[in-house]
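Examining the three-dimensional arrangement
Residues per chain are reported as follows:
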Amino acid sequence: MTEAEIFALLQARPDGTWRAKQITNWIYRKAVADFEQMRDLPKELRQTLAQDFRVQPLTVSRHVTSTDKVDKLLVHGGDDQVFECVLLPYEDRVSCCISSQVGCPMACTFCATGLGGFGRNLSAGEIVGQYLMLQRLTERRISHVVFMGMGEPLLNLKNVVRSLNLLHEEVGLSYRHLSVSTVGIVPQIYELAEENLPIHLALSLHSPVDEIRERLMPVNKKWSVRETVKAMRDYQKATGRKITIEYLLIGEVTDTLGQAAELANLIKGVPSVVNLIPFNWVQTDQGFARPAPERVRAFRRELEARGVNVTQRMERGHEIAAACGQLAGQHQGRFARRAASSELPVLSS
C-alpha cells in the first residue's frame, strides 16, 4: 500500500496522518518484517494491524551466498510456485535483481527461466517484497533495482509500474536507478513510454539478425529486429532516456564480427549503450557454450571501432547459479500452503 492508502485505513483516528507516516517509514525505509518491530506505534494499534494485515508477503525457501558475497533467495508467496531475487553488492553501490513473474512465457532457448515455463504474474507486493527482503540482508542501502530476474516485466505491466512507483515514492529510490529489461514486447514498450517514468529501459536483443534471433527468442517471430529497435528508438525520443541493448555472447552463435557490424549499424544515431554478457552456462538442447575470451574481446573492439558505447557485465555468483531461473530450476518438491491465519491482505502491496 501507499502512504495514502494506509492513511485511508486509519483516517478515523485523530492521529491517523502521523501513524500512516510512521507505518510507511517502518515498512519501506526500515524494511521491518512485522508490526511488533514498529516500536513507536501504540501497542493496541500494532495488535490491530497484525490481526488484519501482514507486512511481508514472501517466504524464503532457500538462501545461498557465493564467495563474492552475492546472495540469492528462492522465495514463494504462499503457494507452490517459487521465484528468485538476488542481492548484488559492489564497492560503490548495492544493487538487486528482482523477478516480475513466476517463470516466463517467452521460451528463450538460452534461458533457464524460459526453459522452466510460466506460472503466473507477481503482484506489486510480491515484487516490492523482494526488495525489502533483500534489504534486510545488508546494512548498506540498496540503491539500484533491475527487473532482470524471472519473467517478462512488460507482460505484467500494471503491477510493474505500480512497483516502480512504490520503490520511488515510498522506498525513496531514484527512478533513474530503476531498470526494466524486456525481450521486446512492442505494444507495451509504447505503453510504458506513455507512463513517462524516467526509468532505464533495456532491450534483450542478443542478435541483430532475424534468423538467429528467432532461433534464440520466439518473440522475434512476432516483432522483427527492426520493428523492436524502432520501438526502442521511439521510446528514447519520448522519454529522453538513453537505452541499453543487452547482448548475450554465445560461442559461435552471436559472437561473430559480422553481427557486431550489423548491431552498430542498427543502433546508429540512438543514444544508447551496448552491454555485453558472456553466456552464463545453462543446460539446453541447443548445446550453447560460453564464447572464447578472445572472441569477446574482438566483438567489443569491433563495436568500439564503429563508435558504439560498450560495457561488459561484471559476472557474479556463478557457483550459486545466479543467472535467472537457475536456482528455481534446481528446486524439487512442492510447498505446503500457508496456514489460514497468514492468508491476509499484504500491507506493502
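It should be emphasised that the depicted structure is a prediction, and the values quoted were computed from it without experimental measurement. (Residues numbered from 1 in each chain as written. Predicted model: local features only at pLDDT ≥ 70, side-chain atom pairs only at ≥ 80, totals over all residues. Heavy atoms only, no water.)

Details of the overall build of the protein chain
If you tally the helices and strands in the protein chain, you get 12 helices and 12 strands. Every one of the 349 residues in the protein chain was classed for burial, and the buried ones make up 56%. Sequence-distant contacts, at least 24 apart, represent 68% of the contacts inside the protein chain between residues at least 6 apart. Of the roughly 15300 Å² of accessible surface on the protein chain, a fraction of 50% belongs to carbon and sulfur atoms. (Helix = DSSP H or I, 4+ residues; strand = E, 2+ residues; numbered from the N terminus. Buried < 20%, exposed > 50% of the residue type's maximum accessible area, 1.4 Å probe, protein only. Contact = heavy atoms within 4.5 Å. Areas by Shrake-Rupley, 256 points an atom, 1.4 Å probe, with all protein chains shown as cover.)

With respect to helix α5 (residues 124-135)
With 12 residues, α5 extends 17 Å from end C-alpha to end C-alpha; this agrees with the ideal 16 Å at 1.5 Å per step. Within α5, 12 of the 12 residues are buried, which leaves it mostly tucked inside the rest of the structure. For α5, the set of buried residues is A124, G125, E126, I127, V128, G129, Q130, Y131, L132, M133, L134 and Q135. (Expected span 1.5 Å × (residues − 1).)

As for the sheet that holds strand β10 (residues 243-249)
Pairing is mixed in the open sheet, where 10 strands are placed in the order β1-β2-β3-β4-β7-β8-β9-β10-β11-β12. The sheet terminates laterally at β1 (59-65) and β12 (310-312), the two strands that pair on one side only. The sheet shows a mean angle of 20 degrees between the axes of neighbouring strands, direction not considered. As defined by bridge partners, β10 adjoins strand β11 (residues 272-278) across 7 bridges and the pair is classed as parallel. If you follow I245 over to β11, its bridge partner there is V274. Where helix α9 (residues 225-239) meets the sheet, it contacts β9 (200-204) and β10, and its direction lies at approximately 170 degrees from that of β9. (Pairing = 2+ DSSP bridges. Axes fitted to C-alpha atoms, helices over the stretch in contact; angles between N-to-C directions.)

Side note on the pattern of salt bridges
Inspection of the entire model under this criterion finds 15 salt bridges. Between E36 and R46 there is a salt bridge, and its shortest N-O distance comes to 3.7 Å. With E36 in the loop between α2 (16-29) and α3 (43-52) and R46 in helix α3, this residue pair connects regions lying 10 residues apart in the sequence. Given the relative accessible area of 48%, E36 is considered partly exposed. In this structure R46 comes out as buried when scored by relative accessible area, which is 12%. Across the salt bridge formed by E84 and K72, the nearest N and O atoms sit 2.9 Å from each other. (Salt bridge = Lys/Arg side-chain N within 4 Å of Asp/Glu carboxyl O.)

Comments concerning the confidence of the model for the protein chain
On average, residues of the protein chain carry a pLDDT of 90, and 89% of them reach 70 or more. Note on residues 331-346: pLDDT is under 50 here. Beyond four places in sequence and across chains, it has 34 contacts. (pLDDT = per-residue confidence, 0-100.)

Focus on the nonpolar core
Grouped together as the largest cluster of nonpolar side chains are 99 residues, with contacts concentrated most on F110 and L303. Core analysis: the next-biggest nonpolar cluster, separate from the first, contains 6 residues, V70, V86, L88 and C97 among them. (Core = buried A, V, L, I, M, F, W, Y, C linked by side-chain atoms within 4.5 Å.)

Points about the side chain of D79
Structurally, the position occupied by D79 is in the loop between β2 (71-76) and β3 (82-89). For D79, a relative accessible area of 11% puts it in the buried group. Here the side chain of D79 touches R120 through a polar contact of 2.9 Å, side chain to side chain. (Polar contact = N/O pair within 3.5 Å; in protein donor to acceptor, adjacent residues only side chain to side chain.)

A closer look at the side chain of S163
Inspection of the secondary structure puts S163 in helix α6 (residues 157-171). Of note is the side chain of S163, whose polar atom sits 2.7 Å from the backbone oxygen of V160. Setting aside anything within four residues of it in sequence, one finds S163 in contact with A124, I127, V128 and F147.

Structural notes on unusual backbone geometry
Backbone geometry places K69, a non-glycine residue, at a positive phi of 70 degrees. Within the fold, K69 resides in the loop between β1 and β2. Of the residues examined, K69 reaches a relative accessible area of 57% and is grouped as exposed. The phi dihedral of N196 falls on the positive side, at around 55 degrees, and the residue is not glycine. Looking at the element boundaries, N196 is found in the loop between α7 (186-195) and β9.

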